[in-house]
Amino acid sequence: MTTPINAVPVASAPTDSPASNPVRTASESSAETPTVRQFFRRNTFWILLGIVALGVVLLSAILRGGASGTSIPLAADSPAPDGAKAVIEVLKNQGVTVHVADTAAEADAALVENPGATLAVFDGAGYLDSDRLSEIVSEAGRTVLIAPDFGMLQAVAPSVRLAGSPDEDEDAADAPAAACTVPAAERAGSMASGLSFGIDDDTSIGCFGSGPADAPSYPLVVTNDGISIVGPRAVFDNEHIVQRGNAALALNLLGETGDLVWYLPTTADLEASGPPTLQALTPDWLVPATSLLAITALVAIFWRGRRFGPLVVEDLPVTVPSGETREGRARLYQRSSARGRAVDALRIGATGRIAARLKLPRSSAVVEVADTAAATLGRHPSEIRALLVDAPPTSDRDVVALSDRLNDLERDIRHATDPLGRNS
Amino acid sequence: MAITGRLVWLTALGLVPVVVLGQATGEPGLLLGAWLVLVVVLLAIDLAAAASPRATALERRLPERVRLGEAADTELLVTNTGRRTLRVRVRDAWQPSAGAPGIRPRLTIPAGERRQILSRLTPTRRGERHVETVTLRSFGPLGLAARQVTLRAPGTLRVLPPFNARKHLPSRLARLRELDGSTSVMVRGAGTEFDSLREYVRGDDVRSIDWRATARRQDVVVRTWRPERDRRIVIVIDTGRTSAARIADEPRIDTAFESSLLLAALASKAGDRVDVLAFDRRVRARIQGATGAALLSRMVDALAPVDPELIETDWASVPGEIRQITNQRALVVLLTTIDAPAASRGLLSMLPQLTRRHRVVVASVTDPEALDAAASRATLEDVYRAAAAERQLLDIERVRTALTQVGAQVVTGSPEDLPPALSDLYLQLKATGQL
């Protein structure tokens, strides 16, 4: 084959046709690919639909506002179910100045500026070091410790220990009564249940006690040095503040003094000691570099995936293998062990060929053919008859043996009628 | 729009500034953004600078027909009608079985100039091969991106049946000449039509001496005979479902085409008139009234796009179709399949109508694999297969007997053997004056 394809410059005059056959020329060329304008015109509906859908998504995101996404529990400005915007706003309306602090330093500063302020601490993630906590607590006039963990309790009120959460129904009517002398608890009358504490000495007062009489547990404990420990977070959050006496309890605990420092420790409070984190170990450029590689991969996918024009369709003819029915019939014989039928076919075929060899008419009877064949070969007629007609096959072994003997017979007849093998 | 590998590498190259400068300045994210903006800007510039592939005129030159197995040289002329130099990659979207070389040439065409793309098609299948579109990718000067457009440039190439059986033609023509009296060997009975009188030469059959003419002249004169001429031959090709079966990797219909082409070539040389009909439930192709060289070219042209249809052939309307072609006595050749008695019932019930008026030959391809399968009996599986093959052969034999009983002649053969066998039967009929 010569160069199958090449491109050569030609003059504007038509060149000689490459083949001697009649040649047709076609010069019609209209674009099938739509222009940008045509594309927009044809797909106006879908484009508008896409814009509307995008608008709806954006609008709903704006409407949901800060509620969307993962908010910090008890954040002062969060209207989400686990935020604490409700109680903070009510306190503000009641004339309490609320100082929101994110770090220990800020909380410190606020406490120094407003001596005697109430400090509310909630550290669900355990960012705050216990030494730092006791330092801050010592500066505050009053402290409300919300859902403290073991370390915090050890640091601030070592006589109070965690007693777990009673598995009590939230909506049960027989919520335990205050049963203590704390004014806030008495006014509240009841409170959300949850994390409870046990008391090891007589200096602390427990409220809303439940459990066995010899070891009661209290969701609210007030120590003698002005620290109120509230077990259930639900007392303060937006979702549960209106239930039971939660609102009264929260407002009384937090609004006792004119100033409130609302301190939720963040990652900034983590001690920068110990082994360096993974983030500190990785170089700055790692994330941008991997993003670039990902973008490169996308570009490469577009490069390789972009089709060079539309696919070409072609109607292909049906392909019917001719041996299909034969093979199907053979497997059918075998599966149903149709030995008689199979052997019949072999016998009729062999008889026909033998008759042709012996120059008998095609219409001659099988017995006649068998007798003539026996005479030709000098064998006993009953033997040939058994082979060609009589002996019924009873097993697969019989079938194979019979087929072999038929073959032998045909070969013998061939030799007998044509000893030199001229016509074979 | 399409992009090139160069753009991918350009994007990847951004790793260097992001890592090296990013470490130095401490702002790798900013550098990443800046690099991406740079890439997008370069892409936009390149796209804007690329010549519009719409501003091209395409012209296609191709031969109208090509025989299967041969190659066709085609031309595609691309004219740049725009004002910028076109750097373009071309895809000529031929159907796969047109056998186009899978090469997409790159061309640079200055404004107002034209380039020619030569490509050689080697079709792999009979029929009509189409091309509808040409896709052009016009690259920008930076080679980062391309504008892609698909233009209509239709073309059709008719791929004719190969007629491989023509290798049998010379020997059959030689035998035809022997019949014709144009060679010195004269065999009495080699024809029934009186041709001429000529002088006796040694070796002539004494029985052909015309004594009356010899009496008038001084020399011994013999009569010569020639085969009949101007006989009608109607070839009916069955394009129904059975013709789709592949035997020795050739559909029955292709063997039928080969056989009919060889027969038509021979018969038109012998002076007979040949008409061809491809039929299943309606006429797929009809060649009537063509003689000589035009006959073969019209036949291949008409038969090229005919493919088997997966429907049962309507034999009952075949006599009517033949009556439309000729009212004279004719040799009717039915190229079909004789398979099982049940499947051939339509053919068998129709045949008496034909044999009453015409001489009928039924030609069918036999499967050489059936004979092989009937002979191999090594394992149990083989024996059952042999039994099935024997059953198949018996079925064919029964149909053949039935066909002979209603007065048709049957010729069978493997795909290789059928075309010459059919021609030999024709020659035999002609020699014995049975047409």
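Residues numbered from 1 in each chain as written. Chains lettered and ligands numbered in written order. Predicted model: local features only at pLDDT ≥ 70, side-chain atom pairs only at ≥ 80, totals over all residues. Heavy atoms only, no water.

As recorded in an unreviewed UniProt entry, chain A goes by the name DUF4350 domain-containing protein, listed as coming from Okibacterium fritillariae.

1. Some remarks on the overall build of chain A
On a plain count of helices and strands, chain A comes out with 15 helices and 12 strands. Of all 424 residues assigned to chain A, the portion counted as buried reaches 35%. The long-range fraction of contacts in chain A, counting pairs at least 24 apart against all pairs at least 6 apart in sequence, stands at 65%. If you sum the accessible surface of chain A, you get close to 23900 Å²; carbon and sulfur atoms cover 57% of it. (Helix = DSSP H or I, 4+ residues; strand = E, 2+ residues; numbered from the N terminus. Buried < 20%, exposed > 50% of the residue type's maximum accessible area, 1.4 Å probe, protein only. Contact = heavy atoms within 4.5 Å. Areas by Shrake-Rupley, 256 points an atom, 1.4 Å probe, with all protein chains shown as cover.)

2. Remarks on the environment of valine 400 of chain A
Residues and elements named next belong to chain A. With respect to the element layout, valine 400 can be found in helix α15 (residues 396–417). Looking at valine 400, the relative accessible area reads 18%, which means it is buried. Sequence separation between valine 400 and glycine 323 is 77 residues; the distance between their C-alpha atoms is 22 Å.

3. With respect to helix α14 (residues 381–390) of chain A
Residues and elements named next belong to chain A. What α14 keeps buried is the set Ile384, Leu387 and Leu388. Taken around the axis of α14, the buried residues stretch over an arc of 80°, which confines them to a single face. Looking at the buried side of α14, the elements it contacts are α12 (339–357), α13 (366–377) and α15. (Arc of directions from axis to C-beta.)

4. Some details on the nonpolar core
All names here are of chain B. In this structure, Ile235, Ile237 and Tyr426 are the most contacted members of the largest nonpolar core, which totals 49 residues. Ranked by residues supplied to this core, first place goes to helix α6 (residues 252–269) with 10 residues. Discounting chain neighbours no more than four positions away, the residues touching isoleucine 235 are Ser260, Leu263, Ala264, Val274, Asp275, Val276, Leu277, Val333 and Leu335. (Core = buried A, V, L, I, M, F, W, Y, C linked by side-chain atoms within 4.5 Å.)

5. Some remarks on the domain arrangement of chain B
Its domain assignment divides chain B into domain 1 (2–49), domain 2 (56–160), domain 3 (193–226) and domain 4 (232–431). Domain 1 of chain B and domain 4 of chain B are separated by 70 Å when their C-alpha centres are compared. (Domains from an automatic or database assignment.)

6. What about the packing of α15 of chain A against helix α11 (residues 380–405) of chain B?
Interhelical geometry of α15 of chain A versus α11 of chain B gives an angle of 65° and a closest axis separation of 10 Å. For α15 of chain A against α11 of chain B, the interelement crossing comes out left-handed. Residues Asp396, Val399, Val400 and Ser403 of chain A of α15 of chain A form the contact with α11 of chain B, whose own contacting residues are Leu380, Val383 and Tyr384 of chain B. In the contact of α15 of chain A with α11 of chain B, the residues fall into 5 nonpolar, 1 polar and 1 charged. (Axes fitted to C-alpha atoms, helices over the stretch in contact; angles between N-to-C directions. Left-handed = near helix turned anticlockwise from the far one by under 90°. Nonpolar A, V, L, I, M, F, W, Y, C, P; charged D, E, K, R; others polar.)

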